[in-house]
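# Breakdown of the fold
Listed below are the residues making up each chain.
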Amino acid sequence: MPRVHEKEYRFVPQIAVAIVASDLNIRKGSPSSSGSVIKEASPGMPLRYIGYIVDGESVAGISKWFLTPEGDFFWSGNVKTENVDATQAYNKRVLARPLDTLICTQRFGERPSFYASLGSPRGHNGIDFRTKQTNGDWTVPVYAAMKGVVSEADENMWNGKFVRIDHPNGFQSVYLHLSEISVETGQEVASGQKIGISGNSGGASEAPHLHFGYRPIKFEKDNGTMGYIDPAPYFIDEIKYLT
């Protein structure tokens, strides 16, 4: 049972992996916010642990702290531990292509002055992919980038018709401006399964395309991009950029 600064804590041994959901400090010395920060972990990062303290410092009503193999601590409130596939967690490139061809027409973080008015002051909060074909058609199949459960299949003023999928790695993907939706909320989908058809719906769409977004399910609301992160490094297939 760990002793830190002469205090005895209740320790439960368990070897597993947690996925960071929002910015998190790894602390040395004690399971508390007074421990010195030795490392900062960003959303999506996997963290191994060998057990947890059940009676560490209570933060936001949560007193559970994980113990790393190195003997350091991280708070459980900012991580996901349920249904985490350790093999998948340590493979960063986990996203299958949502379209048959990935041609980026607008990168993550571009045009911050424009997107500030839409609630994303640090710029474009996803990647835009071209859907127009050589024959002039712009309605093409859209596929799930990873297996998961559809958490939203809906339509609103700015996104138009859209689908949101929660994935087992603690992240969610979103597909905006569709012309048709092929799935329902609560439905389980496989990676590569057709979930809709691309389009030009919603007030935020300036031309036919697919907007793809990726963020932790427990996202940081104030990160400047509505919790979204740049999905480009996570794609298995190569992305071709126009600019």
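Every chain begins its residue count from 1, and numbering advances along the sequence as written. This being a predicted model, a pLDDT of at least 70 is required before a residue's local features are given, and a value of 80 or more before pairs of side-chain atoms are given or counted; all residues contribute to the totals for chains, interfaces and linings. The side-chain numbers reported here are obtained from all heavy atoms of the structure, hydrogens and water having been left aside.

It is worth spelling out the overall build of the protein chain at this point. Helix and strand labels come from DSSP, where a helix needs a run of H or I of at least four residues and a strand needs a run of E of at least two; each type is numbered from the N terminus. Counting its regular elements, the protein chain contains two helices and 19 strands. Seen through its principal axes, the protein chain has C-alpha atoms that stretch 70 × 35 × 30 Å. Here the protein chain holds 243 residues, and 47% of them are scored as buried. Sequence-distant contacts in the protein chain: of pairs separated by 6 or more residues, those separated by 24 or more amount to 60%. Residue exposure (1.4 Å probe, protein chains only): buried if accessible area is under 20% of the type maximum, exposed if over 50%, otherwise partly exposed. Contacts are assigned to residue pairs with any non-hydrogen atoms lying within 4.5 Å of each other.

A few words now on the environment of E152. Here E152 lies in strand β13 (residues 148-156). Distance from E152 to V163, taken between C-alpha atoms, is 5.6 Å for residues 11 residues apart in sequence. Those residues within four positions of E152 in sequence are excluded, and the remaining contacts are F162, V163, R164 and T185. A polar contact of 2.7 Å, which involves the side chain of E152, links it to the side chain of R164. Two N or O atoms count as a polar contact when they lie within 3.5 Å, although within protein this holds only if one can serve as hydrogen donor and the other as acceptor, and sequence-adjacent residues are included solely when both atoms are side-chain atoms.

The next thing to look at is the pairing of strand β15 (residues 171-181). Of all 11 residues that make up β15, eight are buried, and the element is covered over most of its length. Bridge analysis of strand β14 (residues 160-166) against β15 gives five bridges, and the strand direction is antiparallel. Paired with V163 across the bridge in β15 is Y175. Here β14 folds back onto β15, and the loop between the two strands holds four residues, one of which, G170, carries a positive phi near 90°. In this scheme, strands are said to pair when DSSP sees at least two bridges between them.

Counting residues in each nonpolar core, the largest one holds 30 residues, and the members touching the most others are L95, Y175, I195 and Y214. Broken down by secondary-structure element, the contributors of at least two residues to this core are β11 (127-129), β14, β15 and β18 (210-216). Side-chain atoms within 4.5 Å are what join buried Ala, Val, Leu, Ile, Met, Phe, Trp, Tyr and Cys residues into a set we call a nonpolar core. Counting 17 residues, the second largest nonpolar core, distinct from the first, contains L24, L47, I53 and W65.

Another aspect to go through is the packing of aromatic side chains. What characterises a pair of aromatic rings is the spacing of the ring centres plus the angle enclosed by the ring planes. By convention, a stacked pair of Phe, Tyr or Trp rings (six-membered ring in the case of Trp) has centres within 6.5 Å and planes under 30 degrees apart, an edge-to-face pair has planes over 60 apart, and any other such pair is tilted. Taken as a whole, this structure holds 10 aromatic pairs when the rule is applied. Centroid distance Y175 to F212: 5.3 Å. Interplanar angle 75°. Geometry classified as edge-to-face. Here Y175, found in strand β15, pairs with F212, found in strand β18; they are 37 residues apart in sequence, far enough to count as distant. Like Y175, the residue F212 is buried in the burial classification. When the ring of F212 is compared with that of F235, the centres are 5.2 Å apart and the planes differ by 55°; the resulting orientation is tilted. Taken together, the positions of F212 in strand β18 and F235 in the loop between β18 and β19 (240-241) put the pair 23 residues apart, joining distant regions of the chain. Like F235, F212 is buried. Taken together, the aromatic side chains of Y49, Y52, F66 and F74 make up a single cluster linked through ring pairs. One residue, K64, lies across the ring of Y52, its end atom 4.1 Å from the ring centre. Any Lys NZ or Arg CZ found within 6 Å of a ring centre and within 35 degrees of that ring's normal is scored as a charge over the ring.

Residues qualify for a patch when their relative accessible area is over 30% and they have no salt bridge, like charges being joined within 9 Å and the nonpolar side chains of Val, Leu, Ile, Met, Phe, Trp and Tyr within 5 Å. Computed by Shrake-Rupley with a 1.4 Å probe, the accessible areas treat only the displayed protein chains as cover when residues are assessed. Note on definitions: salt bridges are taken to be side-chain nitrogens of Lys or Arg within 4 Å of carboxyl oxygens of Asp or Glu. The charged-residue count follows a simple rule in which Lys and Arg add positive charge and Asp and Glu add negative charge, with His and chain termini not counted at all. Taken as the charge location is NZ of Lys, CZ of Arg, CG of Asp or CD of Glu. A grouping of D23, E40, E220 and D222 is seen on the molecular surface, where their side chains present a negatively charged patch. Residue D222 is classed as exposed on the basis of its relative accessible area, which comes to 70%.

Quick look at the pattern of salt bridges now. Per the stated rule, a full pass over the model turns up four salt bridges. Among the ionic pairs, R111 bridges to E206, the shortest N-O distance being 3.0 Å. A residue pair is termed long-range when its members are at least 10 positions apart, and R111 in the loop between β10 (103-106) and α2 (112-115) and E206 in the loop between β17 (194-198) and β18 qualify at 95 residues. Judged by relative accessible area, which is 54%, E206 ranks as exposed. In this structure, E152 engages R164 in a salt bridge whose closest nitrogen and oxygen atoms are separated by 2.7 Å. In this pair, E152 sits in strand β13 while R164 sits in strand β14, placing the two residues 12 residues apart along the sequence.

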